[in-house]
Amino acid sequence: MEGKRLLHERRRRIFAQRIGVGSDEPPIALLDRLVERAANAFGSDMAAISIIEGKYQWFRTSIGVGDGDSPMARSDSFCTHTIKSPDVMEVVNPNDDPRFAQSCLVRAGMRLKYYIGAPLILTDGLAVGALCVLDCKPHSAASADQRAYLAALARQAANEIEIMSFSRLVNI
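Residues numbered from 1 in each chain as written. Predicted model: local features only at pLDDT ≥ 70, side-chain atom pairs only at ≥ 80, totals over all residues. Heavy atoms only, no water.

Draft legend 1. How the structure looks around the overall build of the protein. In terms of regular secondary structure, the protein is built from five helices and six strands. Starting at the N terminus and ending at the C terminus, the protein contains elements arranged as α-α-β-β-β-α-β-α-β-β-α. When each of the 172 residues of the protein is scored for burial, the buried share is 48%. Long-range pairs, those at least 24 residues apart, make up 61% of the contacts in the protein between residues at least 6 apart in sequence. In the form shown here, the protein has an accessible surface area of approximately 8,700 Å², with 53% of it arising from carbon and sulfur atoms. (Helix = DSSP H or I, 4+ residues; strand = E, 2+ residues; numbered from the N terminus. Buried < 20%, exposed > 50% of the residue type's maximum accessible area, 1.4 Å probe, protein only. Contact = heavy atoms within 4.5 Å. Areas by Shrake-Rupley, 256 points an atom, 1.4 Å probe, with all protein chains shown as cover.)

Draft legend 2. Geometry of the nonpolar core. Counting residues in each nonpolar core, the largest one holds 29 residues, and the members touching the most others are Ile116, Leu120, Leu131 and Leu150. Counting residues per element, the ones that place at least two in this core are helix H2 (29-41), strand E1 (46-53), strand E5 (114-121), strand E6 (127-135) and helix H5 (144-170). Core analysis: the second largest hydrophobic core is formed by 20 residues, Phe59, Ile83, Leu105 and Cys132 among them. (Core = buried A, V, L, I, M, F, W, Y, C linked by side-chain atoms within 4.5 Å.)

Draft legend 3. Representation of the environment of serine 50 in the model. By the element assignment, serine 50 lies in strand E1. Look at serine 50 and you get buried, because its relative accessible area is 0%. Separated by 80 residues in the primary sequence, serine 50 and alanine 130 place their C-alpha atoms 5.3 Å from one another.

Structure representation (structure tokens):
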């Protein structure tokens, strides 16, 4: 099992290098629109597409959170937990969840009160990040339609970044 986890981590790192993370990467209009749609669906001002790589989480595109310049420690990341399952992960009250109660995102800075994320799963099954919505205001649990919509947006985002990855690989 440890060997499989290490292989997935190596593949995530290679993928992150191919698609590019950080502020020197140009914005991708489709990803920006998907993030905006996700935020709107949940009535939030914050949403992002994260890429998990090594010990870090990068926001490939976001609204209302960070600027993509600096990675976040993976240990503080909600999205790290999201990629462990193919399902949407929702945290209605991070203060009551032992995985996040001590996170700097909950205790300091943004003081998150809500998170929902859907994994970005490539065609080969590797989860490389998440499309997530965050809020500093409390939310009730998402409806089944909201969860399905977020999962559909995440599939679109995964398809787009996978195409982008292949395009960059071919152009090297």
